[in-house]
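Read off the chains here:
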Protein chains: 2
Amino acid sequence: MKKFFKAVDDITRREILEMLKTKDMTAGEISDAFQISKPSISYHLDLLKQADLVISEKKGQYVYYSLNTSVLEDVISWLVSLKQAGGK
Amino acid sequence: MKKFFKAVDDITRREILEMLKTKDMTAGEISDAFQISKPSISYHLDLLKQADLVISEKKGQYVYYSLNTSVLEDVISWLVSLKQAGGK
DNA sequence: TAAATATTTAGATAATTATCTAATTATATA
DNA sequence: TATATAATTAGATAATTATCTAAATATTTA
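So, here is what we can say about the structure in this document. (Residues numbered from 1 in each chain as written. Chains lettered and ligands numbered in written order. Predicted model: local features only at pLDDT ≥ 70, side-chain atom pairs only at ≥ 80, totals over all residues. Heavy atoms only, no water.)

**A word on the packing of helix α2 (residues 11–22) of chain B against helix α4 (residues 38–50) of chain B**
All names here are of chain B. The geometry of α2 relative to α4 is characterised by a closest axis approach of 10 Å and an angle of 75° between their N-to-C directions. Taken together, α2 and α4 sit at an angle that is classed as roughly perpendicular. On α4, the residues touching T12, R13, I16 and L17 of α2 are I41, Y43, H44, L45, L47 and L48. Taken together, the residues that form the contact of α2 with α4 break down as seven nonpolar, two polar and one charged. (Axes fitted to C-alpha atoms, helices over the stretch in contact; angles between N-to-C directions. Helix = DSSP H or I, 4+ residues; strand = E, 2+ residues; numbered from the N terminus. Parallel < 35°, antiparallel > 145°, perpendicular 65-115°, else oblique. Contact = heavy atoms within 4.5 Å. Nonpolar A, V, L, I, M, F, W, Y, C, P; charged D, E, K, R; others polar.)

Here it is as C-alpha cells:
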C-alpha cells in the first residue's frame, strides 16, 4: 500500500484518476487537461502505474491509460478497520 | 482530503494510527515505539492533527493522542466511487 | 524513406519533507 | 523554590519530489 499512498498524495494524480473514471484516455489527452508539461504528466502516469492504479496499453503510436481498481480493496479495508477501531 | 493523503503517505504516521487503534496514548508512549527522536514524532503527530486524524488532549504534563475517524468517511467514499467507476 | 506525431527518458533544479540537536515551555515533585 | 519530566518549537540539513527543457524512441503518413 506504500505506493498507493504515495500515488494519491498529489492533486494532479488524483485528478488523473478522476478523469479516468469516465473513460480511458491517451497520455496526450490526459496531458491536454493540465498546464504542466507532457514529461511531467508522463512521470505522474508512471507513479500511478507503479501503484497499480492504472494500466497502460499501446495502440499504434498512442498509449491508452485506464483505471485499475483492484488495489482499492486493500486500502478501503484498511480505512474501514481504522474507522471501526474509532467506534470502540 | 489533501491533508489526509499527505498524512497517510508516511509509514511512521500510518504506524502511529495503527497504534492508536488499540488505545489512546501519550506522545511519549508513542515515541517510545519508534527509533526516531521525540521531536520527529511530535512533527508527525502535528501532521496527523492537521489532517484531523488524531485529537490531542493535555492532562497534566502529558498529552494524550487519540484516533479521530470522522474524516475517513469522505476518503472511503472517494475510493468507493473510484472502485465503482472501474466496474462500469 | 523523410517528416510529423505521440510518448518517454535523461539530466538539471527548486521546493518540500523527515530528520536531527539544542532550546523552550509547561507541569509535577522533592 | 529548584529540579526533574513531558512535550513542543526553532533552526539546520540531507533526501525526496515535481517540474522543466532537450533528446530519444516508436509509429504513422506524405
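**Digging into the protein's contact with DNA strand C**
Inspection of the region around DNA strand C gives 23 residues, with G28 and Y65 of chain A together with S37, Y43 and H44 of chain B positioned closest. Sugar and phosphate atoms constitute 73% of the interface atoms of DNA strand C, taking the interface as everything within 4 Å of the protein. A distance of 3.4 Å is found between a phosphate oxygen of DNA strand C and a backbone nitrogen or oxygen belonging to A27 of chain A. At 2.2 Å, a side-chain N or O of H44 of chain B approaches a phosphate oxygen of DNA strand C. Elements with a minimum of two residues in the surface near DNA strand C: α3 (27–32), α4 (38–50) and β3 (62–67) of chain A together with α4 of chain B. For the surface near DNA strand C, the element with the highest residue contribution is α4 of chain B, accounting for five residues. Residues belonging to the surface near DNA strand C are distributed by class as follows: nine nonpolar, nine polar and five charged. (Near = heavy atom within 4 Å. Polar contact = N/O pair within 3.5 Å; in protein donor to acceptor, adjacent residues only side chain to side chain.)

**Looking at the protein's contact with DNA strand D**
Taken together, 22 residues are adjacent to DNA strand D, and S37, Y43 and H44 of chain A together with G28 and Y65 of chain B come closest. Counted by atom, the contact set of DNA strand D within 4 Å of the protein is 75% sugar and phosphate. Within the side chain of S37 of chain A, one N or O atom sits 2.7 Å away from a phosphate oxygen of DNA strand D. At the level of elements, α4 of chain A together with α3 (27–32), α4 and β3 (62–67) of chain B are the ones that each hand at least two residues to the surface near DNA strand D. For the surface near DNA strand D, the element with the most residues is α4 of chain A, which contributes five residues. Taken together, the residues of the surface near DNA strand D sort by class into nine nonpolar, nine polar and four charged.

**Brief notes about α4 of chain B**
Residues and elements named next belong to chain B. Compared with an ideal rise of 1.5 Å per residue, which puts 13 residues at 18 Å, α4 spans 18 Å between its outermost C-alpha atoms and is within 8% of the ideal. Looking at α4, one finds that the buried residues are I41, H44, L45, L47 and L48. The arc that holds every buried residue of α4, seen down its axis, measures 160°, which confines them to one face. The secondary structure elements touched by the buried residues of α4 are α1 (2–8), α2, α3, β2 (54–59) and β3. A positive backbone phi angle near 65° is found at D52, which sits one or two residues after α4. (Expected span 1.5 Å × (residues − 1). Buried < 20%, exposed > 50% of the residue type's maximum accessible area, 1.4 Å probe, protein only. Arc of directions from axis to C-beta.)

**Remarks on the sheet that holds β3 of chain B**
All names here are of chain B. Pairing within the open sheet is antiparallel, and its three strands lie in the order β1-β3-β2. Lying at the two open borders of the sheet, with one neighbouring strand each, are β1 (25–26) and β2. Sitting on the sheet, α2 is in contact with β1, β2 and β3, with an inclination near 90° to β3. Running over the sheet, α4 touches β2 and β3 and is turned about 120° from β2. (Pairing = 2+ DSSP bridges.)

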